[in-house]
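One letter stands for each residue in the lines below.
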Amino acid sequence: MTGSQGGPALNRRALIGTGLGATAALVMAGTGTARAAGHGTASAPGRAQGFLAAAMDAYPEHGTIRLAQSYTDQAGLFSTAFTYDNALAILASLACGGADGRSRAVVLGDALLYAQSHDPEYADGRLRQAYNVGPYTFYDGTRQPDGFVRADGTANVGRQFGFTGTAVGDMAWAGIALAALARRTGQRRFLTGAVRIGEWIDRVGRTDEPLGGFKFGVNGANEKLPFTSTEHNTDLIGLFGQLARLTGDRVWLQRRSVAARFVKRMWEPTAGFFYTGTNDGVTINTSPIPEDTQTWTHLALNSPVHARSLDWAAAELTVLDTPDRPNSTVPAGQSYEGVTFSSASLLADESAPIADGQPKPDRDGVWFEGTAHLALALRHRRAPGDEKRARRLIASIERAQDLLGADQTFGGTAVAARSGIVSASSPLDTGFGFGYYPYRHTGATAWYLLAATRTNPLRA
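Bear in mind that the values here come from a model prediction, so they are computed numbers and not experimental data.

What counts, and at which threshold
- Residues numbered from 1 in each chain as written.
- Predicted model: local features only at pLDDT ≥ 70, side-chain atom pairs only at ≥ 80, totals over all residues.
- Heavy atoms only, no water.
- 1 Å grid on protein atoms, 1.4 Å probe; cavity = no way out; pocket = protein on both sides within 12 Å on 5 of 7 lines; lining within 4 Å.
- Points joined across faces, edges and corners; volume = space filled by probe spheres on them.
- Nonpolar A, V, L, I, M, F, W, Y, C, P; charged D, E, K, R; others polar.
- Helix = DSSP H or I, 4+ residues; strand = E, 2+ residues; numbered from the N terminus.
- Buried < 20%, exposed > 50% of the residue type's maximum accessible area, 1.4 Å probe, protein only.
- Contact = heavy atoms within 4.5 Å.
- Core = buried A, V, L, I, M, F, W, Y, C linked by side-chain atoms within 4.5 Å.
- Axes fitted to C-alpha atoms, helices over the stretch in contact; angles between N-to-C directions.
- Parallel < 35°, antiparallel > 145°, perpendicular 65-115°, else oblique.
- Left-handed = near helix turned anticlockwise from the far one by under 90°.
- Salt bridge = Lys/Arg side-chain N within 4 Å of Asp/Glu carboxyl O.
- Pairing = 2+ DSSP bridges.
- Expected span 1.5 Å × (residues − 1).
- Phe/Tyr/Trp six-rings, centres within 6.5 Å; stacked < 30°, edge-to-face > 60°.
- Lys NZ or Arg CZ within 6 Å of the ring centre and 35° of its normal.

A. Structural detail: empty space enclosed by the protein. Reported here for the second largest cavity is a volume of approximately 70 Å³. Every residue along the wall of the second largest cavity is listed here: A55, M56, A58, Y59, H62, G63, I65, R66, L67, V133 and F148. Partitioning the lining of the second largest cavity into residue classes produces 8 nonpolar, 2 polar and 1 charged.

Laid out in structure tokens, this is it:
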């Protein structure tokens with residue numbers, strides 16, 4: 001994505017192609033735009049579904065095998081389609097139900113399978129971080145002429161931004177989405193693809209280091225990365241558990257146990273939160289502390305012992321973004337509540353840009369994807385007061401849907417007003433070397449739909 005200066009920036013799903021992630025963590029062409037435009041009087045979830053449709057249908061002249069563009073054009077990532085975001089779009093489309101949602105989920109699932117079997121270099125079941133889904137001219141003037149399927153039949157890997165690596169977490173979410181399609185459709189090809197993903201993760205990620213778990217993945221040069229992420233292993237609890245149920249093979253339960261043991265080793269019992277992971281397999285990283293390791297762990301484990309992580313996130317990462325905050329871009333008369341990305345986001349240097357060419361951060365910027373994570377996790381915990389808090393968070397997301405991110409486009413075509421959810425209310429620094437900005441986002445929109453429908457993707 002880009003800031004006010006127009007230079008490209010990276011988001012958290014965009015890091016391992018360059019090695020930076022080591023520091024963290026259907027319908028016929030053309031109908032989607034019309035469908036999205038018709039959501040002006042629809043419900044908030046209906047308008048969000050319209051946004052996902054528009055993200056899929058932005059390049060109708062480039063074929064029916066397609067993925068959804070992750071961010072609106074204004075983010076500066078052009079037609080980039082992150083694997084993670086598309087997995088979420090599948091899960092949200094299935095959660096919303098209806099023939100159109102299911103058919104769109106199938107199209108996206110088949111596109112992931114196409115990428116898996118038509119990689120330009122590998123035939124081992126991997127998916128890349130991201131793909132191009134439509135033509136554009138890059139910042140250096142180089143023309144990228146293809147859609148998702150290149151002229152030679154290979155999947156159009158996102159090389160321009162270095163999105164060529166493969167992260168275990170992204171693979172896990174793609175596997176979860178394919179497993180969901182296998183359950184809903186009964187089509188064997190989706191389960192086969194999910195199993196291939198699981199096998200790749202076990203081959204590449206398994207480690208005998210003291211802390212255990214599964215490693216981060218590989219960079220664009222196919223070099224294994226030395227980091228182990230709590231978030232990624234949480235994702236694997238979900239994927240491996242679902243593969244165990246779908247295949248009946250107990251090896252997946254064994255692999256699920258490996259991931260779960262690592263996650264539980266990241267638990268800080270005194271304060272009641274999960275650490276982010278380890279850089280070397282021996283020493284736990286104690287800072288920053290991210291939001292998703294608090295909420296996804298509850299969705300995956302459903303553990304009463306660890307349920308306090310939601311209280312930690314709600315108490316320690318809650319923010320209120322108002323126009324009077326330094327560097328806030330929230331318009332006058334508006335305010336948004338939710339959570340930020342990590343403990344480091346609250347300590348960001350507000351006097352300096354998040355990255356070269358980017359704006360200065362707002363310490364109280366709301367991360368709407370994470371806000372939806374928390375709302376969904378609270379709805380599943382169902383402790384006293386949880387549903388009330390979840391409703392407030394969802395109301396904040398829906399207010400952002402109505403009022404933020406106006407006049408944005410997909411492939412040069414206007415996105416319907418009041419449809420998608422921006423990734424952040426104001427520029428925010430994640431504390432992991434990148435930021436989030438007020439651009440409409442497929443991933444944030446999908447997580448909102450999962451929260452609105454009470455759909456837990458990590459426990460089928």
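Moving on, there is more to tell.
B. Spotlight on the environment of S345. Mapping S345 onto the fold places it in the loop between β13 (336-339) and α11 (368-381). The class of S345 is buried, set by a relative accessible area of 2%. If near-sequence neighbours (up to four positions away) are discounted, S345 is found in contact with T340, R363, L428, D429, T430 and G431.

C. Molecular detail of the nonpolar core. Among the nonpolar cores identified, the biggest contains 113 residues, and W173, I201 and W447 are the most heavily contacted of them. If one sorts the elements of this core by residue count, helix α5 (residues 168-185) sits on top with 11 residues. W173 has contacts with Y84, A87, L88, L91, D235, W296, W447, P457 and L458, leaving out every residue within four places of it along the chain. Counting 19 residues, the second-largest nonpolar core is a separate cluster that includes F138, W367, A424 and F434.

D. Quick peek at the side chain of T340. The topology assignment puts T340 in the loop between β13 and α11. By relative accessible area, T340 is classed as buried at 0%. Once residues lying within four places of it in the same chain are set aside, the contact partners of T340 are E291, L317, V319, S345, L346, G365, W367 and L428.

E. Here's a closer look at the packing of helix α3 (residues 83-96) against helix α4 (residues 98-117). It is the contact of α3 with α4, at a shortest axis distance of 8 Å, that shows an interaxial angle of 155°. Judged on the interaxial angle alone, α4 and α3 are roughly antiparallel. Viewed along their axes, α3 and α4 form a crossing whose handedness is left-handed. Across the interface between the two elements, T83, N86, A89, I90, S93, L94 and C96 from α3 touch G98, G101, R102, A105, L108, G109 and L112 from α4. A class-by-class count of the residues in the contact of α3 with α4 yields 7 nonpolar, 6 polar and 1 charged.

F. Region of interest: the pattern of salt bridges. One pass over the structure, following the stated rule, counts 22 salt bridges. Two residues, R379 and E387, come together in a salt bridge whose shortest N-O distance is 3.0 Å. The network of salt bridges with common partners includes D57, R66, D100 and R104.

G. Highlighting the pairing of strand β12 (residues 318-321). Here β12 shows one buried face, formed by V319 and D321, and one open face, formed by T318 and L320. Pairing of β12 with β13 involves 4 bridges; the strand directions are antiparallel. Looking at β13, one finds that T318 is bridged to V339.

H. Here's a closer look at α3. With 14 residues, α3 ought to run about 20 Å at 1.5 Å a step, and its terminal C-alpha atoms sit 20 Å apart, in line with that. Judged by how many residues are buried, α3 sits mostly within the fold: 12 of 14 residues are covered. The set of residues buried in α3 consists of T83, Y84, D85, N86, A87, L88, A89, I90, L91, A92, S93 and L94. The first or second residue beyond α3 is G97, which carries a positive phi of 75°.

I. Expanded view of the sheet that holds strand β11 (residues 284-285). On the basis of which strands lie adjacent, the open sheet formed by 3 strands has the order β7-β10-β11 and antiparallel pairing. The two strands at the open ends of the sheet, each matched to only one other strand, are β7 (228-229) and β11. Sheet topology places β7 next to strand β10 (residues 277-278); 2 bridges connect them, and they run antiparallel. Bridging from a neighbouring strand, T228 pairs with T278 of β10.

J. Examining the packing of aromatic side chains more closely. Using the criterion set out here, one finds 29 aromatic pairs in the structure. Where W173 meets W296, the ring centres are 5.1 Å apart and the plane angle is 65°; that geometry is what we call edge-to-face. Of this pair, W173 sits in helix α5 while W296 is found in helix α9 (residues 292-301), placing the two residues 123 residues apart along the sequence. Seen from their ring centres, F273 and Y275 are 5.0 Å apart, and the 85° between their planes marks the pair as edge-to-face. Look at F273 and you get buried, because its relative accessible area is 7%. Sitting above the plane of the Y122 ring, R126 keeps its charged end 3.7 Å from the centroid.

K. Layout of the environment of L428. Within the element layout of this structure, L428 appears in strand β17 (residues 428-429). Look at L428 and you get buried, because its relative accessible area is 0%. Spatially, the C-alpha atoms of L428 and A313 are 17 Å apart, while their sequence positions differ by 115 residues. Other than its neighbours up to four places away in sequence, L428 contacts T340, F341, S345, I354, P361, D362, G365, V366, W367, F434, G435 and Y436.

L. Spatial organisation of unusual backbone geometry. Note that the residue after S287, namely P288, is joined by a cis bond; omega there is -5°. Structurally, the position occupied by P288 is in the loop between β11 and α9. Here N327, not a glycine, exhibits a phi torsion of approximately 70°, which is positive. With respect to the secondary-structure elements, N327 resides in the loop between β12 and β13.

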